[in-house]
Amino acid sequence: MDPRSTRTTLRVRGYHLDGYGHVNNARYLEFLEEGRWAYFDERPELFARLQRGDIAFVAVNLNIDYCAAAVAGDDLAIDSRLCELGSRSARMAQEIRRVDDDALVSRATITFVLLDVAANRAIPIEGELRSLLAPLVVE
């Protein structure tokens, strides 16, 4: 795996399931978010910059494809990578795979903007933050 990417794993639990016995579609959003948190956890300089509280990444679009059902007891791997860095937005690509057979369970792309928290408006991705993000892009 490319060192600019992050993999985190989790086990599907009963409370993740819907009435049909497979993971509820909304739970995949939580799994993907877990993957994004792990991504930032593994990049302490980037995480520290965001922890200052003056700027924040805000999701503006999420596209998700459901490819295979996951069920209770499945171990899932969530792979996350920054795939595009523009001047005003960035995109992260994520995949969820079943660990046992490497089956693609879901794939998603999330677009986010950088928010000036005090002004409550999107701002350009530049300066220190751009310097931290640019080397992480995996196309």
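Calculation criteria
Residues numbered from 1 in each chain as written. Predicted model: local features only at pLDDT ≥ 70, side-chain atom pairs only at ≥ 80, totals over all residues. Heavy atoms only, no water. Helix = DSSP H or I, 4+ residues; strand = E, 2+ residues; numbered from the N terminus. Rg over C-alpha atoms; globule rule 2.2 N^0.38 Å. Buried < 20%, exposed > 50% of the residue type's maximum accessible area, 1.4 Å probe, protein only. Contact = heavy atoms within 4.5 Å. Areas by Shrake-Rupley, 256 points an atom, 1.4 Å probe, with all protein chains shown as cover. Salt bridge = Lys/Arg side-chain N within 4 Å of Asp/Glu carboxyl O. Polar contact = N/O pair within 3.5 Å; in protein donor to acceptor, adjacent residues only side chain to side chain.

**Student:** Can you lay out the overall build of the protein chain for me, pointing to particular residues and giving the numbers?
**Tutor:** Looking only at helices and strands, the protein chain features three helices and six strands. Starting at the N terminus and ending at the C terminus, the protein chain contains elements arranged as β-α-α-β-β-β-β-β-α. What you see for the protein chain is a C-alpha radius of gyration of 16 Å, in line with the 14 Å of a compact globule of 139 residues. Out of the 139 residues in the protein chain, the part that is buried amounts to 40%. Look at the contacts in the protein chain between residues 6 or more apart in sequence, and 66% of them connect residues 24 or more apart. Summed over its atoms, the accessible surface of the protein chain is roughly 7600 Å², and 48% of this surface lies on carbon and sulfur atoms.

**Student:** Report on the pattern of salt bridges, specifying residues and quantitative values.
**Tutor:** Summed over all chains, the structure comprises 13 salt bridges. Ionic pairing is found between Arg 97 and Asp 102, a salt bridge with its closest N-O pair at 4.0 Å. One continuous salt-bridge network, built from bridges that share partners, spans Arg 49, Arg 52, Asp 54 and Glu 128.

**Student:** Account for unusual backbone geometry, with residues named and values stated.
**Tutor:** Notably, Asp 102 is not glycine yet its phi reads approximately 60°, a positive angle. If you trace the backbone, Asp 102 turns up in the loop between strand E4 (89-98) and strand E5 (104-116). Phi is positive for Asn 120, close to 55°, though the residue is something other than glycine. Within the element layout of this structure, Asn 120 appears in the loop between E5 and strand E6 (121-123). Judged by relative accessible area, which is 59%, Asn 120 ranks as exposed.

**Student:** I'd love a proper account of the environment of Ile 123, names of residues and values included.
**Tutor:** Locating Ile 123 in the fold gives a position in strand E6. A sequence separation of 34 residues divides Ile 123 from Ser 89, and the C-alpha atoms of the two residues are 9.0 Å apart. Excluding anything up to four places from it in sequence, Ile 123 contacts Ile 55, Arg 88, Leu 114 and Asp 116.

**Student:** Give me the lowdown on the side chain of Gln 94, citing residues and values where you can.
**Tutor:** Tracing the chain through its elements places Gln 94 in strand E4. From its side chain, Gln 94 meets the backbone oxygen of Leu 32 in a polar contact 2.9 Å long. A distance of 2.9 Å separates polar atoms of two side chains, one belonging to Gln 94 and the other to Ser 80.

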